[in-house]
Amino acid sequence: KEEAWLKAKLELTQKIAKRLGVELESETHTELTEEGVYESADTRNGRLVANHLAQEKLREKTKRGIKLSIEDVSEVLRVWGFAQNCNRLNVLPGGRKWVYSDTLGGIK
């Protein structure tokens with residue numbers, strides 16, 4: 001089940017990256033770790049694409065003088081690269097060693 005979800009998420013990320021002209025990173029986890037980065041290329045790519053998508057939505061909505069919608073925010077979060085977090089003990093389902101988790105903030 002999780003593998004199917006992850007595959008669909010990566011395909012969506014690639015599709016949006018292509019539409020936006022975003023070049024995805026291809027480094028392996030080992031290469032990134034050697035550079036001092038402790039996240040996968042999939043996580044980094046999700047964040048990269050989500051940032052570009054958010055910028056596009058902000059430009060488009062600002063130009064039209066309208067506010068972002070819940071759907072806009074949801075679309076960005078669908079591609080965001082959430083990290084595997086083993087420190088969220090209070091929310092770990094039984095038998096799981098980690099959950100996808102991140103801390104996000106907003107500016108009004």
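Structure: above.
Each residue is numbered by its place in its chain's sequence as written, counting from 1. Only residues with pLDDT of at least 70 are given local features in this predicted model, and only at 80 or more are side-chain atom pairs given and counted; all residues enter the totals for whole chains, interfaces and linings. For side-chain calculations, the full set of non-hydrogen atoms in the structure is used, while hydrogens and water are omitted.

Draft legend 1. Fine view of the overall build of the protein. Scanning the protein for helices and strands turns up 4 helices and 2 strands. Numbering of helices and strands starts at the N terminus; helices are DSSP runs of H or I of at least 4 residues and strands are runs of E of at least 2. Secondary structure elements in the protein, listed N-terminal to C-terminal, are α-α-α-α-β-β. By the convention used here, residues are in contact when the closest approach between their heavy atoms is within 4.5 Å. A separation of at least 24 residues holds for 50% of the contacts in the protein among residues at least 6 apart in sequence. Accessible surface computed for the protein: about 8,200 Å², of which carbon and sulfur atoms make up 53%. Methods summary: accessible areas were calculated by the Shrake-Rupley approach with a probe of 1.4 Å, and residue burial reflects only the protein chains presented.

Draft legend 2. Quick look at the packing of helix α3 (residues 41–64) against helix α4 (residues 70–79). Relative to each other, α3 and α4 sit at 165°, their axes nearing to 8 Å. In terms of their interaxial angle, α3 and α4 are classed as roughly antiparallel. Read as a crossing pair, α3 and α4 show a hand that is right-handed. Touching Gly46, Arg47, Val49, Ala50, Leu53, Ala54, Lys57 and Lys61 of α3 are Asp72, Glu75, Val76 and Val79, all from α4. Lines are fitted to the C-alpha atoms to define the axes, a helix being fitted only along its stretch in contact, and any angle between axes, read from their N-to-C directions, falls within 0 to 180 degrees. Roughly parallel means an angle under 35 degrees; roughly antiparallel, over 145; roughly perpendicular, 65 to 115; everything else is oblique. By convention the crossing between two helices is left-handed if the near helix lies anticlockwise of the far one by an angle smaller than a right angle, and right-handed if it lies clockwise.

Draft legend 3. View of the nonpolar core. Within the largest apolar cluster, 9 residues are counted, these being Ile16, Ala17, Val22, Val49, Ala50, Leu53, Val76, Val79 and Trp80. At the level of elements, α1 (2–20), α3 and α4 are the ones that each hand at least two residues to this core. With 3 residues, α3 is the largest single contributor of residues to this core. Not counting chain neighbours up to four residues away, the residues in contact with Val76 comprise Ala50, Leu53, Ala54 and Lys57. The criterion is simple. A nonpolar core is a set of buried Ala, Val, Leu, Ile, Met, Phe, Trp, Tyr and Cys residues joined through side-chain atoms within 4.5 Å. Residue exposure (1.4 Å probe, protein chains only): buried if accessible area is under 20% of the type maximum, exposed if over 50%, otherwise partly exposed.

Draft legend 4. Highlighting the packing of aromatic side chains. Centres within 6.5 Å are what make two rings of Phe, Tyr or Trp a pair, Trp counting through its six-membered ring; a difference in plane orientation under 30 degrees is then read as stacked, over 60 as edge-to-face, and the rest as tilted. This model, assessed by the stated rule, comprises 2 aromatic pairs. Ring centres of Trp5 and Tyr100 lie 5.2 Å apart, and the angle between their planes is 50°; on these two criteria the pair is classed as tilted. Here Trp5, found in helix α1, pairs with Tyr100, found in strand β2 (residues 99–101); they are 95 residues apart in sequence, far enough to count as distant. Of the residues examined, Tyr100 reaches a relative accessible area of 29% and is grouped as partly exposed. Here the aromatic rings of Trp98 and Tyr100 are separated by 4.9 Å at their centres, their planes lie at 80°, and the arrangement is edge-to-face. An aromatic cluster of at least three residues, connected via ring pairs, comprises Trp5, Trp98 and Tyr100. Charge-over-ring placement is defined geometrically: NZ (Lys) or CZ (Arg) within 6 Å of the ring centre, and within 35 degrees of the ring normal. A cation sits over an aromatic face here: Arg96 above Trp98, 4.8 Å from the ring centre.

Draft legend 5. A look at the side chain of Arg47. The residue Arg47 is located in helix α3 in this model. Taking the relative accessible area as the measure of exposure, Arg47 reaches 19% and is therefore buried. Excluding anything up to four places from it in sequence, Arg47 contacts Glu39, Val79, Trp80, Gly81, Ala83 and Asp102.

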